[in-house]
Amino acid sequence: MKIIAIANQKGGVGKTTTAVNLSAALAARGKRVLLIDMDSQANATSALGIEAESEQSLYPALVGQALLEDLVRPTNRRNLSIVPAHIDLSGVEVELTQSGTHLSCMRDATAGLRRSNFYDYVFLDTPPSLGVLMTSSLCACDEVLTPVQCEFLSLEGLSRILYVMEQIRDSGSNPNLVHEGILMSMYSNTKLANEVIRQVREALPDKAYETVIPRSVRVAEAPSFGQTVMEHDPYGAASLAYQNAAKEFIRRHR
Ligand SMILES: Nc1ncnc2c1ncn2[C@@H]1O[C@H](COP(=O)(O)OP(=O)(O)OP(=O)(O)O)[C@@H](O)[C@H]1O
Ligand SMILES: [Mg+2]
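Per chain, residues are indexed from 1 in the order of the written sequence. Each chain takes a letter, starting from A, and each ligand takes a number, starting from 1, following the order in which they are written. Residue-level local features of this predicted model are given only where pLDDT is at least 70; pairs of side-chain atoms are given and counted only at 80 or more, and the full residue set underlies all totals for whole chains, interfaces and linings. To get the side-chain values, all heavy atoms of the structure are used, and hydrogens and water are removed first.

A. Structural context of the site of ligand 1. One heavy atom within 4 Å of a molecule or strand is enough for the residue carrying it to be called near that molecule or strand. Not every one of the 17 residues close to ligand 1 is listed here, only the nearest: Gly12, Lys15, Thr16, Thr17 and Ser216. Val13 has a polar backbone atom sitting 3.0 Å from an oxygen atom of ligand 1. Nitrogen and oxygen atoms within 3.5 Å of one another constitute a polar contact, given that in protein one can donate a hydrogen and the other can accept it, and given that sequence-neighbouring residues count only through two side-chain atoms. Contacts to ligand 1 include Ser216, whose backbone N or O atom sits 2.9 Å from a nitrogen atom. Definitions used for this entry: grid spacing 1 Å over protein atoms alone; cavity, a set of points where a 1.4 Å probe fits but cannot get out; pocket, an open set with protein on both sides within 12 Å along at least 5 of 7 lines; lining residue, one with an atom within 4 Å of a point. Each molecule is assigned to a cavity or pocket provided more than half of its atoms lie within 2 Å of the corresponding grid points. Counting atoms within 2 Å of the grid points, the majority share of ligand 1 lands in the largest pocket. Secondary structure elements with two or more residues in the shell around ligand 1: α1 (15-28), β8 (208-214) and α10 (217-221). Here the element with the most residues in the shell around ligand 1 is α1; it accounts for three residues. A per-class count over the shell around ligand 1 returns seven nonpolar, seven polar and three charged. Helix numbering and strand numbering both begin at the N terminus, where a helix is a DSSP run of H or I of at least 4 residues and a strand a DSSP run of E of at least 2. Classification used: nonpolar for Ala, Val, Leu, Ile, Met, Phe, Trp, Tyr, Cys and Pro, charged for Asp, Glu, Lys and Arg, polar for all others including Gly.

In structure tokens, the structure reads:
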């Protein structure tokens, strides 16, 4: 089992979209996948058509009042389960900071999942800030996958998350943390987007996915139907791209 945090402290770069669609595409290929929604916005939860209720968010598992395994819910998709989020997660930040357990809470919460080794991949959809939920995710995961928007200032966001990962490693909280890769998203064929891709590939050749996710209105509208893009627009370019990203992900994990 591998735990992969989908992280980039820059907002709106496609973290949730990647978490949902990559999870679903891997599940469709027969991998056992669990998606944990670490964001109080609960975007991944609603994107899969699930209504989160307070008692079913991750909150009690983070403060040691429930087992994470008991919060797992089916998504009505084969091989794909979720631990939903709820707005109550925004309150956990204060609680965890005060208790001083923010670096270890998610690692402790996922210990049972690691022992049972039931899932092939556990994805963490992290929020867009360097708060407690983000740091606890980075301390609990094996790898970080970074979605990057093909736009101006994307590289700046990328170097910042690489720096944060370095700090987490150096602090001893997660010395073996690996940067799994960079998935470039919201691509449209413009000079700027092509230049961003070129720069990322030049700077981090073995990290950048070959697959690039195109900008498509289908991707943006799918969550309003509680659907993945593969369900909403199975033969569209973005759907095929996420399926290719899943194949590439599997290849990279052999
Ligand atoms: N390939 C795409 N084509 C078009 N729209 C997209 C694409 N990927 C994501 N979007 C849209 O862009 C917006 C931001 O995407 P998303 O929510 O995945 O980003 P995020 O990084 O999770 O944001 P946040 O930082 O707020 O958590 C959403 O409205 C989403 O539907
Ligand atoms: Mg998000």
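B. Broad picture of the layout of surface pockets. In this structure, the largest pocket spans a volume of roughly 520 Å³. Around the largest pocket sit 31 residues that line it, and Gly14, Thr16, Thr17, Met186 and Val219 are the ones nearest its centre. Going through the elements one at a time, α1, α2 (43-47), β7 (178-187), β8 and α10 are the ones with two or more residues in the lining of the largest pocket. No other element matches α1, which puts five residues into the lining of the largest pocket. Its residues placed into classes, the lining of the largest pocket shows 14 nonpolar, 13 polar and four charged. Grid points are joined across faces, edges and corners, and a volume is the space filled by probe spheres set on the points.

C. Expanded view of helix α7 (residues 132-140). Burial status follows relative accessibility: with a 1.4 Å probe on protein chains alone, a residue under 20% of its type maximum counts as buried, one over 50% as exposed, and anything between as partly exposed. In terms of burial, α7 is a largely internal element, nine of the nine residues being buried. Of all the residues in α7, the buried ones are Val132, Leu133, Met134, Thr135, Ser136, Ser137, Leu138, Cys139 and Ala140.

D. Up close: the packing of aromatic side chains. Ring pairs shown here join Phe, Tyr and Trp side chains whose ring centres sit within 6.5 Å, with only the six-membered ring taken for Trp; geometry is labelled stacked below 30 degrees between planes, edge-to-face above 60, and tilted in between. Scanning the model with the defined rule gives four aromatic pairs in all. Centre to centre, the rings of Phe118 and Tyr119 are 5.0 Å apart; their planes meet at 85°, and the pair counts as edge-to-face. Note on Phe118: relative accessible area 43%, which makes it partly exposed. Taking relative accessible area as the criterion, Tyr119 reaches 10% and is therefore assigned buried. A ring pair is formed by Tyr121 and Phe123, whose centres lie 6.5 Å apart and whose planes are at 45°; its orientation type is tilted. Given a relative accessible area of 8%, Tyr121 falls into the buried group.

E. Region of the structure containing the pattern of salt bridges. Should a side-chain nitrogen of Lys or Arg be within 4 Å of a carboxyl oxygen of Asp or Glu, the pair is scored as a salt bridge. For the structure shown, the criterion picks out nine salt bridges. One salt bridge connects Glu231 with Arg77, and the closest N-O pair in it is separated by 2.7 Å. In this pair, Glu231 is assigned in helix α11 (residues 229-232) and Arg77 in strand β3 (residues 73-77), connecting sequence segments 154 residues apart. In this structure Glu231 comes out as partly exposed when scored by relative accessible area, which is 34%. The partner of Arg114 in a salt bridge is Asp142, and the shortest N-O contact between them spans 3.1 Å. Taken together, the residues Arg114 in helix α6 (residues 111-116) and Asp142 in the loop between α7 and β6 (143-149) connect sequence positions 28 residues apart. Via salt bridges that share partners, Glu195, Arg198 and Glu202 belong to a single interconnected network.

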